[in-house]
Amino acid sequence: MSDLIGSVANLTGYRDRDLIDSTFVSVLGDWLDPIELNLYRCVGDASDLRLLLQAGMIKGSGMRAGDPSWTPLDALPALSGRPQFDQAFGCDEPLLDLPMNGNDSPWLNLFPVWAGARRFGIIELISEQPLLPVQLRLVDGLLKIYRNQISLLDYSERDSLTGLLNRKTFDEQFLKCLDTMTGNGHAAEGSPTWWLGVIDVDHFKRVNDGFGHLIGDEVLLLVARLLRTAFHHSEHLYRFGGEEFIVLLRADNSDEAHLAFDFFRQQLSAFDFPQVGQVTASVGFTRLHLMDNASGAVDRADRAVYHAKHNGRNQVHSYEVLVKVGVLEEVNNSGEIELF
């Protein structure tokens, strides 16, 4: 019992979502000894949800890594393609003791996962025998603790208005993106290439002044919804303050990044906002480098936004391209110490 309490204490001590996920799976696996155990997040559009593995373990092999957050949606298994998973995701109670080979073992158990009103995942547990009542009580108790931890993270990490990640979380995730890169100042071959985009809603003060702050808040909510639709699950989306948003995007090259940001710009400008009508945004983006710091990267992207604002708005510009053609002067703020 003391070992279990210690494991739970470790789980509640983390403030990193990946660590919480992997620790939760490890604790469940240690105490249930399943054949296989996987924690999935359901990502993508509501009409086409996909299963993204967060953490897993296989008996005899130990823990296995989850899917990278930048995995393309079409490379992930569709929730609708696994009817039992689809059924479990929509249920309040788990689906238990589903025979996988006729009437013989192993047995499949599926547990829906939610935090507050947000249903977001599935636990797949494959056991040699049907789960005993005492094992089910253990799973139920650990699930409650896990859900509470995720709810607390959501409260501290998300902007209260839009539900997007907040500025505090951006600083932490920025460093995680850099950790995935190796090499001398650039991403080495095979490592992900990250881009930071700053999105600033055009003439937002006119919306607040002309229609009131309640309508202004509704516009921001709808902008956040369009961001989620345009960038799917694989990007990190943040409200940076006021009408400014940030996207951390994985793309192979500048052209691909430009297409992604311009797709959002087009979706936004084509949307008919209630009472307000058309709303546009100016977008600037920059490539991340190994020795970058958050403020330096944001500053480079902001310079590209500034150029868009003073050249017609409703545009997307790359900082590196603007430097290359001589419109902007290059600034070297990578590796500077940030003082606050």
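Residues numbered from 1 in each chain as written. Predicted model: local features only at pLDDT ≥ 70, side-chain atom pairs only at ≥ 80, totals over all residues. Heavy atoms only, no water.

Novice: Quick question: what am I supposed to make of the overall build of the protein here?
Specialist: In terms of helices and strands, the protein carries 10 helices and 11 strands. Counting only residues that meet the buried cut, the protein has 49% of its 340 residues in that class. Accessible surface for the protein amounts to roughly 16900 Å². Of this, 52% is attributable to carbon and sulfur atoms. (Helix = DSSP H or I, 4+ residues; strand = E, 2+ residues; numbered from the N terminus. Buried < 20%, exposed > 50% of the residue type's maximum accessible area, 1.4 Å probe, protein only. Areas by Shrake-Rupley, 256 points an atom, 1.4 Å probe, with all protein chains shown as cover.)

Novice: Please clarify how helix α8 (residues 254-270) should be interpreted in this entry.
Specialist: Given 3.6 residues per helical turn, the α-helix brings residues three or four places apart onto the same face. The first and last C-alpha atoms of α8 sit 24 Å apart over 17 residues, in line with the 24 Å expected at 1.5 Å per residue. Where α8 begins, one side-chain oxygen reaches toward the backbone nitrogen of Asp 255, 3.2 Å away; that side chain belongs to Asn 253. (Expected span 1.5 Å × (residues − 1). Polar contact = N/O pair within 3.5 Å; in protein donor to acceptor, adjacent residues only side chain to side chain.)

Novice: I would appreciate a short explanation of the pairing of strand β10 (residues 281-287) in the present structure.
Specialist: On a regular strand, each side chain points to the face opposite its neighbour's, so the side chains alternate between the two faces of the sheet. Of all the 7 residues making up β10, 6 are buried; the element is thus mostly covered by neighbouring parts of the structure. Pairing of strand β7 (residues 194-201) with β10 involves 7 bridges; the strand directions are antiparallel. Bridge pairing in β10 places Trp 195 opposite Arg 287. Bridge analysis of β10 against strand β11 (residues 316-318) gives 3 bridges, and the strand direction is parallel. (Pairing = 2+ DSSP bridges.)

Novice: So what exactly am I meant to see when it comes to the sheet that holds strand β3 (residues 62-64) here?
Specialist: Paired through backbone hydrogen bonds, the strands of a sheet run either parallel or antiparallel to each other. If you walk across this open sheet you meet the 6 strands as β3-β2-β1-β6-β5-β4, and the pairing is antiparallel. Every other strand in the sheet has two partners, leaving β3 and β4 (95-101) as the edge strands with one partner each. In this sheet, neighbouring strand axes are inclined to one another by 25° on average, regardless of whether the strands run parallel or antiparallel. As paired strands, strand β1 (residues 36-43) and strand β2 (residues 50-58) are joined by 8 bridges and run antiparallel to one another. Bridge pairing in β2 places Leu 37 opposite Met 57. (Axes fitted to C-alpha atoms, helices over the stretch in contact; angles between N-to-C directions.)

Novice: Could you clarify how one ought to interpret the environment of Asn 109 in this entry?
Specialist: Note that Asn 109 resides in strand β5 (residues 104-115). Owing to a relative accessible area of 0%, Asn 109 belongs among the buried residues under this scheme. The sequence separation of Asn 109 and Pro 130 amounts to 21 residues, and the corresponding C-alpha distance is 8.7 Å. Excluding residues that lie within four positions of it along the chain, Asn 109 makes contacts with Leu 95, Leu 96, Asp 97, Ile 123, Glu 124, Leu 125, Ser 127 and Leu 131. (Contact = heavy atoms within 4.5 Å.)

Novice: Which parts of the structure should I look at to understand the packing of helix α5 (residues 167-179) against helix α9 (residues 294-309)?
Specialist: In contact at an axis separation of 10 Å, α5 and α9 are set at 100° when each is read in the N-to-C sense. Here α5 is positioned roughly perpendicular relative to α9, judged by the angle of their axes. For the pair α5 and α9, contact is made by Phe 170, Asp 171 and Phe 174 and by Ala 294, Ala 297 and Val 298, respectively. Class assignment of the residues belonging to the contact of α5 with α9 gives a composition of 5 nonpolar, no polar and 1 charged. (Parallel < 35°, antiparallel > 145°, perpendicular 65-115°, else oblique. Nonpolar A, V, L, I, M, F, W, Y, C, P; charged D, E, K, R; others polar.)

Novice: Honestly, the side chain of Arg 239 in this entry has me stumped. Any pointers?
Specialist: Here Arg 239 shows up in strand β8 (residues 236-241). Accessibility expressed as a relative area gives 16% for Arg 239, which makes it buried. Within the structure, the side chain of Arg 239 is placed 3.0 Å from the backbone oxygen of Gly 242, a separation counted as a polar contact. Aside from chain neighbours lying at most four places away, what touches Arg 239 is Asp 159, Leu 161, Thr 162, Leu 164, Leu 165, Asn 166, Arg 167, Leu 220, Glu 244 and Phe 245.

Novice: Can you walk me through helix α2 (residues 17-32) in this structure?
Specialist: Taking 1.5 Å per residue as the helical rise, α2 with its 16 residues ought to reach 22 Å, and the 22 Å between its terminal C-alpha atoms agrees with that figure. Within α2 the residues assigned to the buried category are Arg 17, Ile 20, Asp 21, Thr 23, Phe 24, Val 25, Val 27, Leu 28, Gly 29 and Leu 32. Of the residues flanking the end of α2, it is Asp 33, one or two places downstream, whose phi is positive at about 50°.

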